[in-house]
Amino acid sequence: MEEELVDVYDKNRNITGKIIKRKDIGILNDDEYIITVHCFIINSFDQILLTQRSLSKNRGGKWEETHGGLKSGETSILGMQRELKEEIGVAVQTNELKLVKTLKKKNKFRDIYILKKDIPIDSIKYNDGEVMDCKYVTLEQFKIMIENNECTYPKFEDTIFYNNVNNLLGGK
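Quick look at the structure, then. Since we're looking at a predicted model, the values are computed, not measured. (Residues numbered from 1 in each chain as written. Predicted model: local features only at pLDDT ≥ 70, side-chain atom pairs only at ≥ 80, totals over all residues. Heavy atoms only, no water.)

1. A few points about the nonpolar core
Thought 1: Ranked by size, the top nonpolar core spans 22 residues in total, and within it C39, I41, L84, I88, L97 and L115 carry the most contacts.
Thought 2: Where this core is concerned, the elements lending two or more residues are β3 (34–42), α1 (76–88), β8 (108–116) and β9 (131–137).
Thought 3: Examining the composition of this core, we find that four residues originate from one element, β3, more than from any other.
Thought 4: By size, the runner-up hydrophobic cluster in this structure holds 14 residues, among which are I48, W63, I112 and V137. (Core = buried A, V, L, I, M, F, W, Y, C linked by side-chain atoms within 4.5 Å. Buried < 20%, exposed > 50% of the residue type's maximum accessible area, 1.4 Å probe, protein only. Helix = DSSP H or I, 4+ residues; strand = E, 2+ residues; numbered from the N terminus.)

If you want it as structure tokens, here you go:
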């Protein structure tokens, strides 16, 4: 399998022209970044769709939102569409995705999207081996799962829902 290449950005999110292999993110300087995209899918019952990482992956068996890294030459929104299709078989239009926040941490710009859509669990397809299960949970269930170390988040305060629940849940 061909190694995935990613673009490197500066601290202001300008593309530098440098391209690295995804596995080489550890060689980035402190002022160099890649972009990752994350999508919280929220249904009309205000439940969050979580996916369970394949056991063969780092933090295997843990629950999280659908996410991944941009490939070289890819825009954030197109990368999010690709990740949703690759990981869970969900095709979405660009206007369905809402960018709600960008975090800048540890050599990564993390673009956080919300998709408000009712996606039946039985329509989910695990295409690329990164995901082995999924389920809808309420915000309270999500908090308990984090407290019980069932998710990739160490604490609820690390999620976009902390101090932002009213803006993210409720209504389409």
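2. Concerning the pattern of salt bridges
Thought 1: Under the counting rule described, the total for this entry stands at 13 salt bridges.
Thought 2: Close ionic contact of K18 with E32 constitutes a salt bridge, the shortest N to O distance being 3.1 Å. Taken together, the residues span a long stretch of sequence, with K18 in strand β2 (residues 15–21) and E32 in the loop between β2 and β3 at a distance of 14 residues.
Thought 3: Residues E96 and K117 are paired through a salt bridge, measuring 3.0 Å at the closest nitrogen-oxygen approach. Placement of E96 in the loop between α1 and β7 (97–105) and of K117 in the loop between β8 and β9 is noted, with a sequence separation of 21 residues between them.
Thought 4: Classification of K117 as partly exposed rests on a relative accessible area of 23%.
Thought 5: When salt bridges with common partners are traced through the structure, they connect K71, E74, R82, E83 and E86 into a single cluster. (Salt bridge = Lys/Arg side-chain N within 4 Å of Asp/Glu carboxyl O.)

3. Observations regarding the packing of aromatic side chains
Thought 1: Scanning all chains against the criterion turns up two aromatic pairs.
Thought 2: One Lys or Arg, R13, reaches over the ring of F109 and ends 5.5 Å from the middle of that ring.
Thought 3: Positioned above the aromatic ring of W63 is the side chain of K135, whose terminal nitrogen or guanidinium carbon lies 4.5 Å from the ring centre. (Phe/Tyr/Trp six-rings, centres within 6.5 Å; stacked < 30°, edge-to-face > 60°. Lys NZ or Arg CZ within 6 Å of the ring centre and 35° of its normal.)

4. Some details on the pairing of β2
Thought 1: Sheet topology note: the strand β1 (residues 5–9)/β2 ladder contains four bridges and is antiparallel. Among the inter-strand pairings, V6 is bridged to a residue of β2, identified as I20.
Thought 2: Here β1 folds back onto β2, and the loop between the two strands holds five residues, one of which, R13, carries a positive phi near 70°. (Pairing = 2+ DSSP bridges.)

5. Examining α1
Thought 1: Look at α1: 18 Å from first C-alpha to last across 13 residues, which is about the 18 Å you get at 1.5 Å a residue.
Thought 2: Every buried residue of α1 is accounted for by S76, G79, M80, Q81, R82, E83, L84, E87 and I88.
Thought 3: In this structure, the buried side of α1 is in contact with β3, β4 (48–53), β6 (66–69), β7, β8 and β9. (Expected span 1.5 Å × (residues − 1). Contact = heavy atoms within 4.5 Å.)

6. Regarding the pairing of β4
Thought 1: The buried fraction of β4 amounts to six of the six residues, a majority that puts the element mostly inside the structure.
Thought 2: Where β3 hands over to β4, the hairpin turn is made up of five residues, of which D46 adopts a positive phi near 60°.
Thought 3: Sheet analysis places β4 next to strand β5 (residues 63–64), joined by two bridges and oriented antiparallel. The residue bridging Q52 from the neighbouring strand is W63, located in β5.

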